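Structural description and commentary
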Amino acid sequence: MHLTIGTRPLLAGMAAAFAVSAPAIASAQETSLQATGMAPVITATAGDTAQDATSSQDAASAAPKPTTDTPTPWSLAAAAGISNRDDGPNGSWQSLALTRQIGRGYVRGSLMRYHGTLMQADTALPSDYLVGTIGAGGNFDNWVVDGWASYGWQDYGRISTDAGKRNSTGAKGSPYYSVGGDFGRVFALGSGLFATPTMTVSYAHGRLLHPAPEESEVIDLETEEPTWSSAATLRIDHAFGSEGKQYVGLSIARAWTSNAVSEPLVRSREEAIEAAMTGIMPARHIEDGWWEIGATANMRITDKLGLDLYATRSFNALAGNTTSAGISLRRSF
């Protein structure tokens, strides 16, 4: 016997990994150009489309950091962004990141809130993620490396149906965690141009909530959503301005996830009984690969104040293509 619980296969999406850093894109004169924690990093576990932040690591923001002789080793960044999936609900996020520059490396802590909505037929499941992340990395002789670990909580919120809004009859939320890293190499092309190929790998684990049919005696159940993700990216950056401290860049990435679509399945009566007892039902996870392009701008407004902008667009994604954009304001001290 083969049963599918739920109204249709789910688009498992928003990343359970919220990185505090992205690959550094830098000239030899800069300690590093790693991102300021502006955007979620992609893995696909719950909430929005699988590629919602893939560019995060590669196209999010590559903000110049102070050189080693600059007496401002600390920086605080406030950031916000949106993601819009074609024919689907939008997502939004806000974050704060505190960075300490140590020689040509850094350590960083960040806190991020992500709001997304998962659609299941005519049922909308809005949820909020609150995620804390620690990370470290840097630019060492033009080899760039970053690593991070995140832990957070997803609040499922009120389920919206044709009959109105209601609370979950099962779990009200779930924890998740993620770890990841990236490495790359900066190549000077001359005339202020730099090329940086990078490779990123991450793992995330979270859950998805699946509402039971209305007026049924079945409680809302969850599925486990383990997810591996990777991306190979090529960035081209141009440094300009009197001191070469302003940057604009373009990137192209090939991304992959082990969990682009999550389909809850109950294949026997025994599995149905176990799911009712544990609140967790089995699921089938479908992998996917897609392309993504991005653009960034990293500007120094003053010696201690910087502005970072990014925008990305994904193509040929199984869970639906997404356009994302974000902004970050950095203050060094």
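In this report, we go over the structure that sits alongside the text. Please read these numbers as outputs of a predicted model, since none were measured by experiment.

This part is about the pairing of strand β12 (residues 246-264). For β12, a buried count of 14 out of 19 residues is recorded, marking the element as mostly surrounded by other parts of the structure. Pairing geometry for strand β11 (residues 221-240) and β12, over 12 bridges, is antiparallel. Bridging across to β12, T233 finds its partner in A253. Connecting β11 to the antiparallel partner β12 that follows it, the hairpin turn spans five residues, and G241 within it adopts a positive phi of roughly 95°. Bridge count for β12 against strand β13 (residues 283-300) is 15 bridges, and the pairing is antiparallel. Bridged to Y247 within β13 is N298.

This part is about unusual backbone geometry. Here the phi dihedral of N142 falls at roughly 70°; this positive angle occurs in a residue that is not glycine. By the element assignment, N142 lies in the loop between β4 (123-140) and β5 (143-155). By relative accessible area, which is 18% here, N142 ends up buried. Located in the positive-phi region is S191, a residue other than glycine, with phi close to 55°. By the secondary structure assignment, S191 is in the loop between β9 (187-190) and β10 (193-210).

As a working rule, side chains carrying opposite charge can pair if their charged atoms are close by. Per the stated rule, a full pass over the model turns up eight salt bridges. A salt bridge links D220 to R166; the shortest N-O distance between them is 2.8 Å. Placement of D220 in the loop between β10 and β11 and of R166 in strand β7 (residues 164-166) is noted, with a sequence separation of 54 residues between them. Assigned by exposure class, D220 and R166 land together as buried. Residues joined by salt bridges that share partners form a network here, namely R207, E222 and E224.

Our next topic: a nonpolar patch on the surface. There is a patch of nonpolar side chains on the surface, built from F187, L189, L193, L234, I236, I252, W291, I293 and F315 and spanning about 760 Å² of accessible area. Among the secondary structure elements, those contributing two or more residues to the nonpolar patch are β9, β11 and β13.

Our focus in this paragraph is the nonpolar core. One broad rule of soluble globular proteins: the nonpolar side chains tend to lie buried together. Core analysis: the biggest nonpolar cluster contains eight residues, these being A79, W93, M112, Y114, Y129, V131, Y176 and Y310. Those elements that provide at least two residues to this core are β3 (105-120) and β4. Formed by six residues, the second largest nonpolar core is a distinct cluster that contains L118, L125, L208 and L209.

Locating A212 in the fold gives a position in the loop between β10 and β11. Assessed through its relative accessible area of 9%, A212 is described here as buried. Residues A212 and S168, spaced 44 residues apart in sequence, show a C-alpha to C-alpha distance of 9.3 Å.

Turning our eyes to something else, we now look at the pairing of strand β14 (residues 305-315). Judged by which residues are buried, β14 turns out to be one-sided: G306, D308, Y310, T312 and S314 face inward and are buried, whereas L305, L307, L309, A311, R313 and F315, on the alternate face, are not. The pairing of β13 with β14 spans 10 bridges and is antiparallel. Its bridge partner being in β14, E292 is matched across the sheet by S314. Joining the antiparallel neighbours β13 and β14 is a turn of four residues. Pairing analysis gives nine bridges linking β14 to strand β15 (residues 322-332), with the strands arranged antiparallel. In the strand pairing of β15, D308 is matched with S328.

Calculation notes
- Residues numbered from 1 in each chain as written.
- Predicted model: local features only at pLDDT ≥ 70, side-chain atom pairs only at ≥ 80, totals over all residues.
- Heavy atoms only, no water.
- Buried < 20%, exposed > 50% of the residue type's maximum accessible area, 1.4 Å probe, protein only.
- Helix = DSSP H or I, 4+ residues; strand = E, 2+ residues; numbered from the N terminus.
- Pairing = 2+ DSSP bridges.
- Salt bridge = Lys/Arg side-chain N within 4 Å of Asp/Glu carboxyl O.
- Patch = residues over 30% accessible without salt bridge, like charges linked within 9 Å, V, L, I, M, F, W, Y side chains within 5 Å.
- Areas by Shrake-Rupley, 256 points an atom, 1.4 Å probe, with all protein chains shown as cover.
- Core = buried A, V, L, I, M, F, W, Y, C linked by side-chain atoms within 4.5 Å.

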